[in-house]
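Single-letter residue listing:
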Amino acid sequence: MSHFGLGLSLFGAMFALMVMRVPISVAMFLPGAIGYWLLAGDAALLNHVKGAAYARFSNYDLSVIPLFILMGQFATQGGLSRSLFKFASSLLGHLRGGVAMAAIVACALFGAVSGSSVATAATLAQVALPEMRRLKYSGRLSTATLAVGGTLGILIPPSVPLVVYAILTETNIAKLFMAALLPGLIAAVGYCIVIAITVTLRPDLGPAQPRVSNAQRLRALVEIWPITAIFALVFGGIYGGFFTPTEGAAVGAAGTFVAALLRRELSLAGIGRSFLGTAVTSGMIFLVFLGADMLNGALALSQMPKELADWVTHIGWSPLAIVAIVIAMYIVMGFFMDELATLILTIPVIFPAIMGLDLWGLEYTEKAIWFGILMLMVVEIGLVHPPVGLNIFVINSLAKDVPMMETFKGVVPFLVSDFLRVILLFLFPVVSLYLVRLIF
Amino acid sequence: MSMSANPPVGRSSLIEKFAAACAFAGGAILTAITLMVVASIVLRALGFQPIQGDFELVQVALAGCIALMLPWCQLQGGNLTVDFFTLRLRKSRQRRLDALGALLFALVMALVTWRTCAGALAARASHESTMILGFPLWIGYTAMIPGLLLTAIAALHTARIAWRDSSR
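What counts, and where the lines are drawn
Residues numbered from 1 in each chain as written. Chains lettered and ligands numbered in written order. Predicted model: local features only at pLDDT ≥ 70, side-chain atom pairs only at ≥ 80, totals over all residues. Heavy atoms only, no water. Helix = DSSP H or I, 4+ residues; strand = E, 2+ residues; numbered from the N terminus. Rg over C-alpha atoms; globule rule 2.2 N^0.38 Å. Buried < 20%, exposed > 50% of the residue type's maximum accessible area, 1.4 Å probe, protein only. Contact = heavy atoms within 4.5 Å. Areas by Shrake-Rupley, 256 points an atom, 1.4 Å probe, with all protein chains shown as cover. Lys, Arg positive; Asp, Glu negative; His and termini not counted. Charge placed at Lys NZ, Arg CZ, Asp CG, Glu CD. Salt bridge = Lys/Arg side-chain N within 4 Å of Asp/Glu carboxyl O. Polar contact = N/O pair within 3.5 Å; in protein donor to acceptor, adjacent residues only side chain to side chain. 1 Å grid on protein atoms, 1.4 Å probe; cavity = no way out; pocket = protein on both sides within 12 Å on 5 of 7 lines; lining within 4 Å. Points joined across faces, edges and corners; volume = space filled by probe spheres on them. Nonpolar A, V, L, I, M, F, W, Y, C, P; charged D, E, K, R; others polar. Buried area = accessible area lost by both parts, 1.4 Å probe. Patch = residues over 30% accessible without salt bridge, like charges linked within 9 Å, V, L, I, M, F, W, Y side chains within 5 Å. Disulfide = S-S within 2.5 Å. Phe/Tyr/Trp six-rings, centres within 6.5 Å; stacked < 30°, edge-to-face > 60°. Core = buried A, V, L, I, M, F, W, Y, C linked by side-chain atoms within 4.5 Å. Axes fitted to C-alpha atoms, helices over the stretch in contact; angles between N-to-C directions. Parallel < 35°, antiparallel > 145°, perpendicular 65-115°, else oblique. Left-handed = near helix turned anticlockwise from the far one by under 90°. pLDDT = per-residue confidence, 0-100.

Re the overall build of chain B
Here is step 1: When you go through chain B residue by residue, the secondary structure sums to four helices and zero strands.
Here is step 2: Its C-alpha atoms give chain B a radius of gyration of 20 Å, clearly above 15 Å, the size a compact globule of 168 residues would have.
Here is step 3: With respect to the three principal axes, the spread of C-alpha positions in chain B is 65 × 35 × 30 Å.
Here is step 4: Taking all 168 residues of chain B together, the buried fraction comes to 52%.
Here is step 5: Across chain B, every contact between residues at least 6 apart in sequence was considered, and the portion connecting residues at least 24 apart equals 79%.

In structure tokens, the structure reads:
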């Protein structure tokens, strides 16, 4: 069997194992180990595995991930979401559908201290869902808003998937975060527009509330200063060249911890829950990395990624059409796979092929950034579309009175705005690259 | 996608308590990393010498920290599976496949634990150490072993529970 053929059969074996409910990490590790053994022999395999776990777990750049997760956990357990939602609804609540828009804005603000989508959705749902239901917002609009709002947790930096992408492709994390900011804000505005259109068509879905006095708004604003300060400190520090992303994440985790303590909502049990929550999410990511490393080690020996890249470069199709096909493929993968697993699995194979293409005449770094933001937007969609959108399950488990089907229906108009945004970013790289060019 | 639907295993069985304790320890290490990094930044900002080789300490500590988080992750169903294709299967069949998957994971973790032990011995024999601090690498390797071993045991436990569920 040719090496390329072997590479392909490793992928085949991996998918077969995944279909059989074998954990993704194992489904990648086992074919990887067997492929490595076939290509390099048992001594080489055992030698490779000897340092594999340490090399991956002690990666300095990856330390950003547990630190940002811990930061988000402290923000969640410390009840920071409540003041954000209060502030946003004091500004927007008097509009028709305004409380739903406020939930979106609060998700975006929470996204500034959280790098995870599901955590953002679940946290804001605990605060905003009861409030929206109390104010007679329809179940469909309430749950759908929070499910899509959660994705702002990863669209607005910090963002765990972007960190993963940065590490896999050796792209500058700070630049990627900067590039994600504008598209993230566009996402938030897009979601608010969808809500506005929805309630214009069906005013009973989200009734307007009485206007709040400016004094009350000011008081609500004062309450959210810690989050603003942390965001400014973390990203000011990173962009001022004052510290590395890891240091920024550590400052953010420490700052959020202090802010949560000051609110007197972070108990000892809350700290314990933060640690346990961090363990589950971090463990999940590092396990997938461990499996992917083994598979990629074998694939690299088989030369398959390189041959694939050569093939794609010489296939003679329009480069943009190839990217469009890749995007479509990611959307399909989003039907059944976790977004981080998708990235860790595919980027090492797909990325070299994409980088060989001439896309909008961008130079290498800009191309990597543009493609990364595009990937982020696309895998994010998988979190909210049927049949397995994780955010939807999380929100629905919190809103027992709303049938799952209602939430899926409610999400559809938001998906339209997601697709429009992906097209916008695809056609106009300047949207993601503008701030990067301005600042760096 | 989604977290595999393993219900919390047993009523706080011994392995769960161990795994939780390890996760707390991992969290404590992560907190220590945070404090050290912040302290180093503050020292630097005030014009003092920052902590020497702080990133090397982050690396070594992180390895132990992540390994300690894995057993809890496994028991909580954080080891991602794809359940999309088997949703139509009978529950008992699903659980049987889960048992198989957990068993394979236990095998992988046993292999990784064994090889990491070998890595620790090799690093010790060759006096490998970090660049700036000269911190011996075998300590970093060794710090991972308890977490990795417990993860393999936790996976066996998950397999047993899934198998028991399947024959109910």
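Now that the structure has been shown, the text picks up again.
Comments concerning the overall build of chain A
Here is step 1: Tallying secondary structure elements over chain A gives 22 helices and zero strands in all.
Here is step 2: Expected size for 440 residues packed as a compact globule is a radius of gyration near 22 Å; at 22 Å, chain A falls within 12% of this value.
Here is step 3: Its C-alpha atoms put chain A at 70 × 45 × 45 Å along the principal axes.
Here is step 4: Carbon and sulfur atoms form 70% of the exposed surface of chain A, whose accessible area is close to 15,500 Å².
Here is step 5: The positive charge centre, built from 24 side chains, and the negative charge centre, built from 20, are 14 Å apart in chain A.

Comments concerning the environment of Ile354 of chain A
All names here are of chain A.
Here is step 1: Secondary-structure assignment places Ile354 in helix α18 (residues 339–355).
Here is step 2: Separated by 34 residues in sequence, Ile354 and Leu320 have C-alpha atoms that sit 9.8 Å apart.
Here is step 3: Setting aside residues no more than four positions away along its own chain, Ile354 makes contact with Val323, Val326, Leu359, Lys367 and Phe371.

Side note on the pattern of salt bridges
Residue and element names in this part refer to chain A.
Here is step 1: With the rule as written, the count across this model stands at 17 salt bridges over all chains.
Here is step 2: Across the salt bridge formed by Glu366 and Arg437, the nearest N and O atoms sit 2.8 Å from each other. With Glu366 in helix α19 (residues 364–381) and Arg437 in helix α22 (residues 430–439), this residue pair connects regions lying 71 residues apart in the sequence.
Here is step 3: The partner of Arg421 in a salt bridge is Asp418, and the shortest N-O contact between them spans 3.0 Å. A residue pair is termed a helical-turn pair when its members lie 3 or 4 positions apart in one helix, as Arg421 and Asp418 do in helix α21 (residues 404–427) at three residues.

Notes on the side chain of Thr34 of chain B
Here is step 1: Tracing the backbone shows Thr34 of chain B in helix α1 (residues 14–45).
Here is step 2: From its side chain, Thr34 of chain B meets the backbone oxygen of Leu30 of chain B in a polar contact 2.8 Å long.
Here is step 3: Other than its neighbours up to four places away in sequence, Thr34 of chain B contacts Leu67, Leu70, Ala250, Ala253 and Ala254 of chain A.

Observations regarding the layout of surface pockets
All names here are of chain A.
Here is step 1: Of the pockets and cavities examined, the second largest pocket occupies roughly 510 Å³.
Here is step 2: Going through the elements one at a time, α1 (3–19), α16 (304–314), α17 (319–333) and α18 are the ones with two or more residues in the lining of the second largest pocket.
Here is step 3: The greatest single-element share of the lining of the second largest pocket, amounting to six residues, is contributed by α18.
Here is step 4: Taken together, the residues that form the lining of the second largest pocket break down as 21 nonpolar, one polar and no charged.

Things to note about the interface of chain A and chain B
Here is step 1: Listed per partner, the contact involves 54 residues of chain A and 61 residues of chain B.
Here is step 2: Across the chain A to chain B interface the summed buried area is about 5,400 Å²; carbon plus sulfur atoms make up 80%.
Here is step 3: At the surface where chain A touches chain B, the tally comes to two salt bridges.
Here is step 4: Across the pair Arg21 of chain A and Asp98 of chain B runs a salt bridge, and its minimum N-O distance is 2.9 Å.
Here is step 5: Remark: the boundary between chain A and chain B carries eight residue pairs in polar contact (both at pLDDT 80 or more).
Here is step 6: Elements represented by at least two residues in the side of chain A that touches chain B include exactly α1, α2 (24–40), α3 (42–57), α4 (64–77), α14 (245–262) and α15 (268–302) of chain A.
Here is step 7: For the side of chain A that touches chain B, the leading source of residues is α15 of chain A, giving 13 residues.
Here is step 8: For the side of chain A that touches chain B, the class distribution of residues is 41 nonpolar, nine polar and four charged.

Some thoughts on a nonpolar patch on the surface
Residues and elements named next belong to chain A.
Here is step 1: Where nonpolar side chains cluster on the molecular surface, the patch consists of Trp360, Val416, Leu420, Ile423, Leu427, Phe428, Val430, Tyr434, Leu438, Ile439 and Phe440 and spans about 1,100 Å² of accessible area.
Here is step 2: Elements represented by at least two residues in the nonpolar patch include exactly α21 and α22.
Here is step 3: Within the secondary structure, Ile423 sits in helix α21.

Comments concerning the state of the cysteines
Residues and elements named next belong to chain A.
Here is step 1: Under the criterion given, the structure shown has zero disulfides over all chains.
Here is step 2: Sulfur of Cys192: no disulfide; nearest cysteine sulfur belongs to Cys107 and is 10 Å away.
Here is step 3: Judged by relative accessible area, which is 17%, Cys192 ranks as buried.

Some details on the packing of aromatic side chains
Residues and elements named next belong to chain A.
Here is step 1: A full pass over the atoms with the stated rule returns 15 aromatic pairs over all chains.
Here is step 2: Here the aromatic rings of Phe68 and Phe177 are separated by 6.1 Å at their centres, their planes lie at 65 degrees, and the arrangement is edge-to-face. Of this pair, Phe68 sits in helix α4 while Phe177 sits in helix α11 (residues 173–201), placing them 109 residues apart in sequence.
Here is step 3: Every member of this aromatic cluster is reached through a ring pair, and the members are Phe68, Phe177, Phe231, Phe235, Tyr239 and Phe440.

Details of unusual backbone geometry
Here is step 1: Between Pro157 of chain A and Pro158 of chain A the backbone carries a cis peptide bond, its omega angle lying at 0 degrees.
Here is step 2: With a phi angle near 70 degrees, Lys136 of chain A is a residue other than glycine that sits in the positive phi range.

Considering the nonpolar core
Here is a general trend for soluble globular proteins: nonpolar side chains tend to be buried in one another's company.
Residues and elements named next belong to chain A.
Here is step 1: Counting 217 residues, the largest nonpolar core has Leu152 and Phe371 as its most contacted members.
Here is step 2: Looking at which element gives the most residues to this core, the answer is α15, with 17 residues.
Here is step 3: If we skip the residues at most four places from it in the chain, Leu152 touches Ile104, Cys107, Ala108, Gly111, Gly184, Ala187, Ala188 and Tyr191.

Quick word on the packing of α19 of chain A against α22 of chain A
All names here are of chain A.
Here is step 1: Orientation of α19 relative to α22, taken along the N-to-C sense of each, is 135 degrees, at an axis distance of 9 Å. By the angle between their axes, α19 is oblique relative to α22. In this structure, the crossing between α19 and α22 has a hand that is right-handed. Here Glu366, Ile369, Trp370 and Ile373 of α19 come into contact with α22, specifically with Ser432, Leu433, Val436 and Arg437.
Here is step 2: The class makeup of the residues in the contact of α19 with α22 is five nonpolar, one polar and two charged.

As for the confidence of the model for chain A
Here is step 1: Summarising the model, chain A shows a mean pLDDT of 91, and 99% of its residues fall at 70 or more.
Here is step 2: Confidence, expressed as mean pLDDT per element, reaches its minimum in chain A at α16 of chain A with 84 and its maximum at α11 of chain A with 96.

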